[in-house]
Every structure is written in structure tokens, then in C-alpha cells.
Amino acid sequence: TEFDPTQEDETIFALSSGGGGTAGGATAVSVIRLTGPRSHDVLRALLVKPDQTLQDVKMPRTRMASLRTLWDPTPPSNGRDQLDSALVLTFDSPRSFTGEDVVEIHCHGSR
């Protein structure tokens, strides 16, 4: 479906550190923020290990940083690839900066 800026149930993904701009964008750590009704579902899909189901994933406690392994949510037929180890945080609505469910992923940066 096409993006509709008036739609209130959109989940938004944004790089909130480094990653470009006029300063060159090289960072050791990149912070990716997700906000909206599906943000926790997206994190759950990234946390599910190759031998788990979505229901087996233990989500991090709200407002507590947790070191987790991120996995490719769209696996090839021969297995799932590890993406990175990252600090992840969740914030539940309405007690977040946006008033919606929020996820922060603090992962390895790049140029």
C-alpha cells in the first residue's frame, strides 16, 4: 500500500544518529528508532532465533537496555543470518516521547 501521511496507525522507522548528512556520517554506534503500533512486533521479528517461534521471544523489560542478537527476519531457505548484536530498549505508550510504542535499537555504525 502507498504511504498515507494522514494515517494514524503507521509505524515509522528513523535513523536518529549518524548515517549521512554534511558531517560525513561515520559513527561507531547508530541508533534506529521505531514508533507506532507495530514497533514491538518488528523488534520481536528481529529477536526471534533460528530455533524459536515469535511466541518464544522474550521481549526486553520496558525502559531497560538489553543486549540482544538481531536476526534477519526474512530468512533464505537454508537458515537465518545474524545481523548484529545490539542494545535494544522498548517504551510503552502512552509513556514515551511520541506517546506511542517506541523501540530503540543501538547497533554498530558505519560510514
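What counts, and at which threshold
Residues numbered from 1 in each chain as written. Predicted model: local features only at pLDDT ≥ 70, side-chain atom pairs only at ≥ 80, totals over all residues. Heavy atoms only, no water. Core = buried A, V, L, I, M, F, W, Y, C linked by side-chain atoms within 4.5 Å. Buried < 20%, exposed > 50% of the residue type's maximum accessible area, 1.4 Å probe, protein only. Helix = DSSP H or I, 4+ residues; strand = E, 2+ residues; numbered from the N terminus. Contact = heavy atoms within 4.5 Å. Salt bridge = Lys/Arg side-chain N within 4 Å of Asp/Glu carboxyl O. pLDDT = per-residue confidence, 0-100.

A.B. asks: Help me understand the nonpolar core, please; the structure alone is not making it clear to me.
C.D. replies: If you look at soluble globular proteins, the nonpolar side chains tend to sit buried side by side. Ranked by internal contacts, the top residues of the largest apolar core, which has 13 residues, are L43, L47, L70 and I105. Counting residues per element, the ones that place at least two in this core are α1 (39-47), β4 (82-91) and β5 (102-108).

A.B. asks: Just to check I follow, could you spell out the environment of D56 for this structure?
C.D. replies: The residue D56 is located in the loop between α1 and β3 (66-71) in this model. Note: C-alpha distance between D56 and R44 (12 residues apart in sequence) is 9.5 Å.

A.B. asks: I'm lost on the environment of L43 in this one. Help?
C.D. replies: Locating L43 in the fold gives a position in helix α1. In this structure L43 comes out as buried when scored by relative accessible area, which is 0%. On a C-alpha basis, the gap between L43 and L89 in space is 9.6 Å, while along the polypeptide they are 46 residues apart. Apart from residues lying up to four places away in sequence, L43 is in contact with M59, P60, V88, T90 and V103.

A.B. asks: Teacher, can you tell me more about the pattern of salt bridges here?
C.D. replies: For the structure shown, the criterion picks out 2 salt bridges. A salt bridge links E104 to R33, with the shortest nitrogen-to-oxygen separation between them at 2.8 Å. A residue pair is termed long-range when its members are at least 10 positions apart, and E104 in strand β5 and R33 in strand β2 (residues 29-35) qualify at 71 residues. Judged by relative accessible area, R33 falls into the partly exposed class, the value being 39%. For D41, the salt bridge goes to R38, with nearest N and O atoms at 2.9 Å. With relative accessibility at 39%, the residue D41 sits in the partly exposed group.

A.B. asks: Just to check I follow, could you spell out the confidence of the model for the protein chain for this structure?
C.D. replies: Interpretation of this model should avoid reading the predicted coordinates in detail wherever pLDDT is low. A residue-level look at the protein chain finds 81% of positions with pLDDT of 70 or above and a mean pLDDT of 85. Mean pLDDT values over the elements of the protein chain span from 89, in strand β1 (residues 12-15), up to 96, in β3.

A.B. asks: What is the right way to look at unusual backbone geometry in this model?
C.D. replies: If a residue is not glycine, its phi is most likely negative; likewise, a peptide bond is most likely trans. Between S93 and P94 the backbone carries a cis peptide bond, its omega angle lying at -5°. When you line up the elements, P94 lands in the loop between β4 and β5. You will see that R63, though not glycine, has its phi angle at about 65°, which is positive. Looking at where R63 falls in the secondary structure, it is placed in the loop between α1 and β3.

A.B. asks: Can you help me understand the environment of M59 in this one?
C.D. replies: Considering the arrangement of structural elements, one finds M59 in the loop between α1 and β3. Residue classification places M59 among the buried residues on the basis of a relative accessible area of 19%. C-alpha separation for the pair M59 and L89, spaced 30 residues apart in sequence, amounts to 9.4 Å.

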